[in-house]
Amino acid sequence: MTQLIAADAAGLELCAARLRQGEAVAMPTETVYGLAADATQGDAIAKIYALKNRPQFNPLICHVADLEAARHIGVFNETAEKLAAQFWPGPLTLVLPRTPDCPVHPLASAGLDTLAIRIPSHRVAQDLLRKLCRPLVAPSANPSGRLSPSQAAHVAAMLPDIPVLDGGTCAIGLESSIIGCLHAKPLWLRAGGLSRAAIEACLGDTLDEVPETQDAEAKLAPGRLARHYAPKAPLRLNAETGKAGELLIGFGQDAPPNCVANLSPNGDMTEAAALLFSTLHALDALAEAQGKSLAIMAIPEDGLGEAINDRLRRAAQS
Ligand code: TXA
Ligand code: MG
């Protein structure tokens, strides 16, 4: 049963009621669609892990409507203050220590004493959060390991039993960038819809990288241990031309004429980011129908290219 719900007053009320009852609802954000549940109810959060088949070690992001609500659950240091002032609401998640009286259920943090927090800018997410007056956990609304959804129909295809508030196509199309604000130096935990350059310019400082040890990754960036963002079809990276049996995704002006899609004919990274997941969803279906595999041209690392290439590397892993 597919349940696309119009994001009008009645639809919002219906979804708010479900969330209060501890049920899951998919909601649009400016990055990707999230599978939302009340962050204060442990049972509701447990359902999200089960619905996504998500490893229990991988914590969730808490979404709140405004800075006041964020301060209620997380402790802001100077870096966090600066980033929140400049980039919230928007495609940025901050990992902060929990406040002593944080009402978010510990299951959201999967055993860590920190909390990932984000204020989404999408009007529908804002309306829902304001109606509920409580934080919502919302991982991307895809089964673990699959591509993130940037349209309501993507969610409906992957999670057919979940009501989806239809907020149109996500404007940014890539998950939020995640910064750890736990020590003096900010940590770059996930490349996403806000570029590293924009964050470094705001802080006047460079970002630290997570040490590549299993222990550091488990404590600081647990999400990296999971395989991610994969289409069903095999994906070949840095393709110069499409081989027989491949559907080629192009980028830029030099894309060969046999490309079946082009992420941005003008080489615009923002446009490419916005089209990445929807292109992969559409071509994955086509590849399956035609018994083909996927290939994509090289994408430059500038700006949002870092996040695009991160997703593509994970998508190509088998
Ligand atoms: O744009 C987004 O961030 C979307 C929309 C729906 O808001 N959400 C999203 O959630 O991408 P998800 O669950 O797919 O990714 C959350 C990431 C995971 O990599 C997880 O490991 C990390 O956030 N995370 C959550 N809590 C954390 C914490 N306390 N410390 C470090 N990483 C954390
Ligand atoms: Mg995800």
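Scroll up for the structure.
Residues numbered from 1 in each chain as written. Chains lettered and ligands numbered in written order. Predicted model: local features only at pLDDT ≥ 70, side-chain atom pairs only at ≥ 80, totals over all residues. Heavy atoms only, no water.

**Focus: the overall build of the protein**
Summing up its helical and strand segments, the protein has 10 helices and 15 strands in all. The C-alpha atoms of the protein give 19 Å as radius of gyration, which agrees with the globular expectation for 318 residues (20 Å, within 12%). Taken over the C-alpha atoms alone, the protein extends approximately 60 × 50 × 35 Å along its principal axes. Of all 318 residues assigned to the protein, the portion counted as buried reaches 56%. Looking at the protein alone, contacts between residues at least 24 apart form 65% of all its contacts between residues at least 6 apart. Summed over its atoms, the accessible surface of the protein is roughly 13,000 Å², and 53% of this surface lies on carbon and sulfur atoms. Side-chain charges in the protein split into 27 positive and 34 negative, and the spacing between the mean points of these groups amounts to 4 Å. (Helix = DSSP H or I, 4+ residues; strand = E, 2+ residues; numbered from the N terminus. Rg over C-alpha atoms; globule rule 2.2 N^0.38 Å. Buried < 20%, exposed > 50% of the residue type's maximum accessible area, 1.4 Å probe, protein only. Contact = heavy atoms within 4.5 Å. Areas by Shrake-Rupley, 256 points an atom, 1.4 Å probe, with all protein chains shown as cover. Lys, Arg positive; Asp, Glu negative; His and termini not counted. Charge placed at Lys NZ, Arg CZ, Asp CG, Glu CD.)

**Describing the pattern of salt bridges**
As enumerated under the stated definition, the model contains 18 salt bridges in all. Between Arg-118 and Glu-30 there is a salt bridge whose closest N-O contact spans 2.8 Å. Of this pair, Arg-118 sits in strand S6 (residues 114–118) while Glu-30 is found in the loop between strand S2 (25–27) and strand S3 (34–38), placing the two residues 88 residues apart along the sequence. Look at Arg-118 and you get buried, because its relative accessible area is 1%. Judged by relative accessible area, Glu-30 falls into the buried class, the value being 5%. The residue Arg-134 makes a salt bridge to Asp-38 at a minimum N-O spacing of 2.6 Å. Of this pair, Arg-134 sits in the loop between helix H5 (123–132) and strand S7 (136–137) while Asp-38 sits in strand S3, and the two are 96 residues apart along the sequence. The exposure class of Arg-134 is partly exposed, given its relative accessible area of 27%. The class of Asp-38 is buried, set by a relative accessible area of 0%. Bridged by salt links that share partners, the residues Glu-175, Asp-310, Arg-311 and Arg-314 form one connected network. (Salt bridge = Lys/Arg side-chain N within 4 Å of Asp/Glu carboxyl O.)

**A word on the site of ligand 1**
Near ligand 1, the surroundings consist of 25 residues, among which Thr-31, Arg-54, Asn-58, His-63 and Ser-176 are the closest. In this structure, Ala-138 approaches ligand 1 through a main-chain N or O atom, which is 3.5 Å from a nitrogen atom. Within the side chain of Arg-190, a nitrogen or oxygen atom sits 3.0 Å from an oxygen atom of ligand 1. Coverage of ligand 1 by the protein amounts to 96% of the 680 Å² it exposes when considered alone. Considering every element that reaches the shell around ligand 1, the biggest residue donor is S6, with 4 residues. Grouping the constituent residues of the shell around ligand 1 by class yields 13 nonpolar, 8 polar and 4 charged. (Near = heavy atom within 4 Å. Polar contact = N/O pair within 3.5 Å; in protein donor to acceptor, adjacent residues only side chain to side chain. Nonpolar A, V, L, I, M, F, W, Y, C, P; charged D, E, K, R; others polar.)

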